[in-house]
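So you can see what is in the structure, the chains are spelled out below.
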Amino acid sequence: MKQKPLTMTRVALGSLLRKPATVPYPAARKPVYLATRGHIAIEEDKCNLCLICDRRCPTGAIAVDRTGKTWAIDRLRCIQCNHCVDVCPRKCLAMENDYTTPMQMKRSDVVPVPFTPPQPKPKPAAAPAPTSDSPLQAKEERPGERNHEPPDQSSAD
Amino acid sequence: MNLFRKSPWIIHYDGASCNGCDIEVLACLTPRYDVERLGIINTGNPKHADILLITGYINEQSQPVVRTIYEQMPDPKVVVAVGICASSGGIFRDCYNTKGGVDSTIPVDIYVPGCAARPESIMDGVVQALDLLERKRKEKKTRRRAIAPTPTSEVPTP
Amino acid sequence: MSAWTRILAAILFVLLSPILAGLLAGLDRIISARMQSRIGPPLLQPIYDLLKLFQKERIAVNRSGHFFLLGYLLFTILAGIEFFIGGDLLIVIFALALASVFFVLGAFAAGSPYSHIGAERELIQIMASEPMLIMCAMGFYVATGSFQVTTIHAQPTPLIATLPGIFLGMIYILTIKLRKSPFDLSTSHHAHQEIVKGITTEFAGPYLAIIELAHGYETILLLGFLYLFFAPWPLLALAALIAVYFLEILADNTHARLYWQWVLRTSWAFTAIVGAGNLILLHYLQRGGTP
Amino acid sequence: MANRTVIPFGPQHPVLPEPIHLDLVIEDEHVVEAIPSFGFIHRGLEKLVEKKDFTEFTFIAERICGICSYIHGMGYCQAVETVMGLEIPERAKWLRTMWSELSRIHSHMMWLGLLADAFGFENLFMACWRLREGILDVIEETSGGRVIFGAAKVGGCRRDVPDDLLARIPAQLNAVEDELRAITNVFRDDFSVRQRLCGVGLLSRNDAYDLGAVGPMLRASGVAQDSRLDGYAAYDKIAVEPIVEESGDCWGRTMVRIREIYQSFDILRHVLPNVPPGPVDMKITGAPKGEFFARLEQPRGEVIYYVKGNGTKFLDRFRVRTPTFANIPPLLKMLQGCQLADVPVIVLTIDPCISCAER
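Residues numbered from 1 in each chain as written. Chains lettered and ligands numbered in written order. Predicted model: local features only at pLDDT ≥ 70, side-chain atom pairs only at ≥ 80, totals over all residues. Heavy atoms only, no water.

K.L.:
Give me the lowdown on the overall build of chain B, citing residues and values where you can.
P.N.:
A count of helices and strands for chain B gives five helices and five strands. Taking all 158 residues of chain B together, the buried fraction comes to 75%. Summing over all exposed atoms, chain B offers an accessible surface of approximately 4,600 Å²; the carbon and sulfur share of this is 54%. (Helix = DSSP H or I, 4+ residues; strand = E, 2+ residues; numbered from the N terminus. Buried < 20%, exposed > 50% of the residue type's maximum accessible area, 1.4 Å probe, protein only. Areas by Shrake-Rupley, 256 points an atom, 1.4 Å probe, with all protein chains shown as cover.)

Laid out in structure tokens, this is it:
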């Protein structure tokens, strides 16, 4: 096969004359698709605090507090795997298409859940006894955990 | 004029990540996203860089590397943890060889969530970092003035 | 040209070159970006970069390195002043070579393997480009009988007519001097390199800005050299300079980086063929066809 | 400059985004020896099988590597399915084939760009990555993620792809393919590219075989080996011809990968209209008991998954042997005696994926 010089010239000059392929992001943005996995949202009215999402989350990003009646997600732990959406028995979780914005402080998004447990019949989700990662324990370790002190930064001068 | 807003140069270090965020960081440089619009250059040299993008968490072996890169960067500098592994250890935080997110080793200024972090997210994170750069420069200036009335310019080295 | 206009030209060179070179580099980056289907940075980006670098913290690896860098900047400016004041072309070339040597010494002083390799490669690039620069001065001498820039500038006919080979050779080494692919061996502005940033690896903040500044002066000076080929017709000169610069950008975007052996070999071969060939032919013609 | 210098290469390096460290002992810009050190990215994720149950481990398997993410997830699932004796639905098999070919195209195009970056050809890098975005769009539209697909599941696929979308994809692929021709012609013909690739990093057929090279490395040295011929997923119904080059140098490996891109386009054009209707996953009962080796063809070469179940929800053992791991001995062999400028090119021709290799 022969070597040819300047084979890229046509591509380069062609691109020079065409419109750039750039989507100027903050001004315009690429459309998202129906399937795009962005972030988890909850319809808190439907939630019955069954704890299934809490237990099945592969990274432990979701924390459900039955006594305080809150559903919380740590966006910095969520891997958008969609697993909680798949396992949610009441279909109150959904995968939204837009991603979470960056943040300067670590925080959890806490959603209060207006759920009043019906008195007579016992809740089905409470039946399997949690072994090591009980919701209470998981909740307690959340604030302090992995919250390392930044190492002493000795500035250069 | 806020010059750091106009010309942030980045350096990218791949901690122990799965490469997903790395290729998204690189994708930011390429025509679809083209961060050079914002004056961003991927220098690859810590001494030229203003913003350190780290993907992936830290393990024993990479800890000194990350620390060295951070210390080699001249002030003002900002650290952006890209992806959930860099932010919190992510799905690998239960592995035996993790030390946690980047904040276990160096102070992190911006956390970019996502697995893998989308290029738009990374750009948002970098844009947030720009304001911090200018603020850090001013802080540095006032601190220096407070310590010594005559500004010393060079770091003496043997 | 009167002495005052010449002094004015030199002052303008010192004052305006950074801005002009910045604009040129900005244009370069925009056109490169468009060739890559990107939007590219704002036009003033190189100037922003330069000013930002001056605001960064000064990290010193080695004080002597910075002394050499100041030498690089100073001698580049001196070469430029000598050129625009209409002085001796040989002094310009020697001052420029000295400036490059200072730059190389500065990189050697840092002691990092990357900057060492970068400095070695820079020396090779100087070796590759210097013969052509000297041959350019010789060509001007053969064509006009003088090394003085004023005399060369005052020629009634453009020198491109008698020195086309020298002009081609100058374009060739301009690619080396501008650090464009395929000759971005020692350091590269945009593309990534196996030796990190090569010769500039160890210089941070304001010192990097000095390098950029000196590089800007050098660019304008070299474009001044090319201008001399079209001196009587300024508009043609401008068009030619724009065309040459565009070709440089195109070459940058259509070539991979090549080996230093290749760079040295081809630039000497090219210099010998077009430069020396042009000189010999010109000499032969001036002697009235008798050898 | 005849005395020996040691150049540290990595773990942070502009042309190689991944953390591998090589101490290059050089003499006159010639590499005498390359001493690697590893472990910058070791996570120990194989141990996690003891903490996560075998279905949830799929998410971790997908994150062994973000570039070949889907094939890792799929290979793990395939190994578990074989241990459990599951026969997954036909549609799931075809969708798996589609996604693994898409990920091969995206990986190879990314690699072409990185190779161009290694020899300082910025425009070519940008061009490859620009076209790759077209493939990523298809991936995102079908699976929901740009790099981490999240579509693998023990017992099938996690999501179905609507038929009208499947019908639309070939047109998108054709558009990418048309533009790609001009770019790959540059790799094939261009003078400066050929200068940097031809005759660089020679690996003879015997060396490649003895040192255990896999994938495009092996095929570029003239050995026709392709695990897709084993007929996993729907590959038993597709004729796959291993792509072989004889030259054994960097250029040969580039050509193998370029031809594989076009081959994948052809396979996809065959797969997409033939995806059969039906369910995409099945209900899983019980837990894996027994052991199995699954062999798959990644973009980088043959990958092997070993799974050992003990009848509980938690697996006993899980091991991956990734192609990059297998390709490192040939890499060290090739680096001896090359020029310093060739180091990034040679390192990239094995298509290093260090996060795969170190897990």
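Moving on from the model shown.
K.L.:
Quick one: what's the story with the interface of chain D and chain B, residue by residue and with numbers?
P.N.:
Contacts between the two partners involve 41 residues from chain D, matched on the other side by 38 residues from chain B. Both faces combined, the contact of chain D with chain B buries some 3,300 Å², and carbon together with sulfur accounts for 62% of it. Its largest share of buried area at the contact with chain B, chain D owes to Gln-12, Arg-43 and Arg-146 of chain D, together 21% of the area lost on that side. Between Glu-133 of chain D and Arg-32 of chain B there is a salt bridge; the shortest N-O distance is 3.7 Å. Joining chain D to chain B, the criterion identifies 13 residue pairs in polar contact (both at pLDDT 80 or more). Put simply, the parts of the chain that give the side of chain D that touches chain B at least two residues each are α1 (57-62), α3 (90-118) and α4 (122-143) of chain D. Here the element with the most residues in the side of chain D that touches chain B is α4 of chain D; it accounts for eight residues. Tallied by class, the residues present in the side of chain D that touches chain B amount to 22 nonpolar, seven polar and twelve charged. (Contact = heavy atoms within 4.5 Å. Buried area = accessible area lost by both parts, 1.4 Å probe. Salt bridge = Lys/Arg side-chain N within 4 Å of Asp/Glu carboxyl O. Polar contact = N/O pair within 3.5 Å; in protein donor to acceptor, adjacent residues only side chain to side chain. Nonpolar A, V, L, I, M, F, W, Y, C, P; charged D, E, K, R; others polar.)

K.L.:
Run through the environment of Phe-38 of chain D, naming residues and quoting values.
P.N.:
You can see Phe-38 of chain D is positioned in the loop between β3 (30-37) and α1. A C-alpha to C-alpha distance of 8.2 Å links Phe-38 of chain D and Pro-19 of chain D, two positions 19 residues apart in sequence. Beyond its immediate stretch of four places on either side in the chain, Phe-38 of chain D contacts Gln-61 of chain B together with Ile-20, Ile-328 and Glu-358 of chain D.

K.L.:
Residues and numbers for the interface of chain C and chain A, please.
P.N.:
On the chain A side, the residues contacting the 13 residues of chain C number 14 residues. Across the interface of chain C and chain A, roughly 1,100 Å² is buried in total on both sides, 70% from carbon and sulfur atoms. Taken together, the connections running from chain C to chain A amount to zero salt bridges. The interface formed by chain C and chain A includes three residue pairs in polar contact (both at pLDDT 80 or more). Breaking the side of chain C that touches chain A down by element, the ones donating at least two residues are α1 (3-35) and α9 (234-254) of chain C.

Functional significance is not addressed by these values, which are geometric in nature.
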